[in-house]
Amino acid sequence: MRNETIGSVMITQEQINDRAAEIARQIERDFQGQEVILVGILKGAVMWMVDIMKNLKLDVRIDFMAVSSYGSSTKSSGIVKIVKDLDTDIKGQNVIIVEDIVDSGTTLKYLRQYFENRKARTVKICTLLDKPEGRKTDVEVDYSGFTVDDRFIVGYGLDYDQKYRNLPYVTYLEAAADEQTENR
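Because the structure is predicted, anything quoted here is derived from the model rather than measured.

**Student:** What should I look at first to understand the pattern of salt bridges in this one?
**Tutor:** For side chains of opposite charge, pairing can occur when their charged atoms come near one another. Per the counting criterion, the structure on display carries 12 salt bridges. A salt bridge links Lys-84 to Asp-87; the nearest nitrogen and oxygen atoms lie 3.3 Å apart. Using a relative accessible area of 27% as the deciding quantity, one classes Lys-84 as partly exposed. Using a relative accessible area of 66% as the deciding quantity, one classes Asp-87 as exposed. Among the salt bridges present, the one from Arg-165 reaches Asp-159, with a minimum N-O distance of 3.2 Å. According to the relative accessible area criterion, Arg-165 is buried, its value standing at 18%. Several salt bridges share partner residues, and in doing so they unite Asp-63, Lys-84 and Asp-87 into one network.

Below, the structure is given as structure tokens:
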């Protein structure tokens, strides 16, 4: 997408904060007094993970992984590459994978299996955004912030070629008018 244009605000920061508090209550009910490890998928999930973590009234440990299936494209390549692995031993632990968006499902299906193979007690998935129209593989999302349409979403940690992560809301990219005309 060259000459991209930002669309209108889809989800405000206030809506995100409210939903993070609701999901934190769900997690507390599910894990009643147990410790959880939040595993943030870098870089996009950082803002959402902080919101979830701030609202949890449980013992929480955190770790991060860097996983890629996009590169600088707007479509998943379908190949999952671990760029940075966990520093924490998750054997016997309650793990919640925190992701910015579930699109094709390929990355999260891979990570769930990866953590189960490492003998985590439980593996749950928490995402800010769920895009069911983009699914290429079946993956269960345990905690979902918002469902979004099949657009290229940016803001609140989500990027396009490392831009727009710092927007305090969720929006989408529109192709510039001349590019839309070229692609007809």
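Next comes the rest of the write-up.
**Student:** Just to check I follow, could you spell out helix H3 (residues 106-117) for this structure?
**Tutor:** Look at H3: 17 Å from first C-alpha to last across 12 residues, which is about the 16 Å you get at 1.5 Å a residue. Every buried residue of H3 is listed here: Thr-106, Thr-107, Leu-108, Leu-111, Arg-112, Tyr-114 and Phe-115. As for H3, its buried residues are in contact with strand E2 (36-42), strand E3 (60-68), strand E4 (81-84), strand E5 (94-102) and strand E6 (122-130). The positive-phi residue at the C-terminal boundary of H3 is Lys-119, with phi of around 65°.

**Student:** For this particular structure, what's the right way to read the packing of aromatic side chains?
**Tutor:** Aromatic ring pairs are reported here in terms of the distance separating the ring centres and the angle at which the planes meet. Applying the stated rule across the entire model yields 3 aromatic pairs. Relative to Phe-115, the ring of Tyr-114 has its centre 6.0 Å away and its plane inclined at 50°; by these criteria the two rings are tilted. As far as the burial class goes, Tyr-114 and Phe-115 line up, both buried. Ring-pair connections join several aromatic residues into one group, and the members of that group are Tyr-110, Tyr-114 and Phe-115.

**Student:** Teacher, can you tell me more about the sheet that holds strand E8 (residues 153-154) here?
**Tutor:** Sheet strands line up and pair through hydrogen bonds in the backbone, either parallel or antiparallel. Taking strand neighbours across the sheet as the criterion, the 3 strands line up as E1-E9-E8 in an open arrangement whose pairing is antiparallel. Both edges of this open sheet fall to strand E1 (5-6) and E8, since each of them pairs with a single strand only. Sheet analysis places E1 next to strand E9 (residues 171-174), joined by 2 bridges and oriented antiparallel. Considered in E9, the bridge of Thr-5 is made with Glu-174.

**Student:** What is the right way to look at the sheet that holds strand E7 (residues 143-147) in this model?
**Tutor:** Pairing is mixed in the open sheet, where 6 strands are placed in the order E4-E3-E2-E5-E6-E7. Sheet topology places E4 and E7 at the edges, where each strand pairs with a single neighbour. Along the sheet, successive strands turn relative to each other by an average axial angle of 30°, direction set aside. Across 3 bridges, E3 lies against E4 in antiparallel orientation. Residue pairing in the sheet places Val-67 in a bridge with Ile-82 of E4. Sheet strands touched by H3: E2, E3, E4, E5 and E6. Its angle to E5, the strand with the most contacts, is close to 170°.

**Student:** Sorry if this is basic, but what is going on with the environment of Val-102 here?
**Tutor:** For Val-102, the location among the structural elements is in strand E5. With sequence-adjacent residues up to four places away left out, Val-102 is seen in contact with Leu-108, Thr-127, Leu-129, Asp-130, Lys-131, Arg-135, Val-139 and Val-141.

**Student:** Whenever I open this one, the side chain of Asp-159 confuses me. Can you help?
**Tutor:** One can find Asp-159 in the loop between E8 and E9. From its side chain, Asp-159 meets the backbone nitrogen of Asp-161 in a polar contact 3.4 Å long. Side-chain polar atoms of Asp-159 contact the backbone nitrogen of Gln-162, separated by 2.6 Å.

The rules we used
Residues numbered from 1 in each chain as written. Predicted model: local features only at pLDDT ≥ 70, side-chain atom pairs only at ≥ 80, totals over all residues. Heavy atoms only, no water. Salt bridge = Lys/Arg side-chain N within 4 Å of Asp/Glu carboxyl O. Buried < 20%, exposed > 50% of the residue type's maximum accessible area, 1.4 Å probe, protein only. Helix = DSSP H or I, 4+ residues; strand = E, 2+ residues; numbered from the N terminus. Expected span 1.5 Å × (residues − 1). Contact = heavy atoms within 4.5 Å. Phe/Tyr/Trp six-rings, centres within 6.5 Å; stacked < 30°, edge-to-face > 60°. Pairing = 2+ DSSP bridges. Axes fitted to C-alpha atoms, helices over the stretch in contact; angles between N-to-C directions. Polar contact = N/O pair within 3.5 Å; in protein donor to acceptor, adjacent residues only side chain to side chain.

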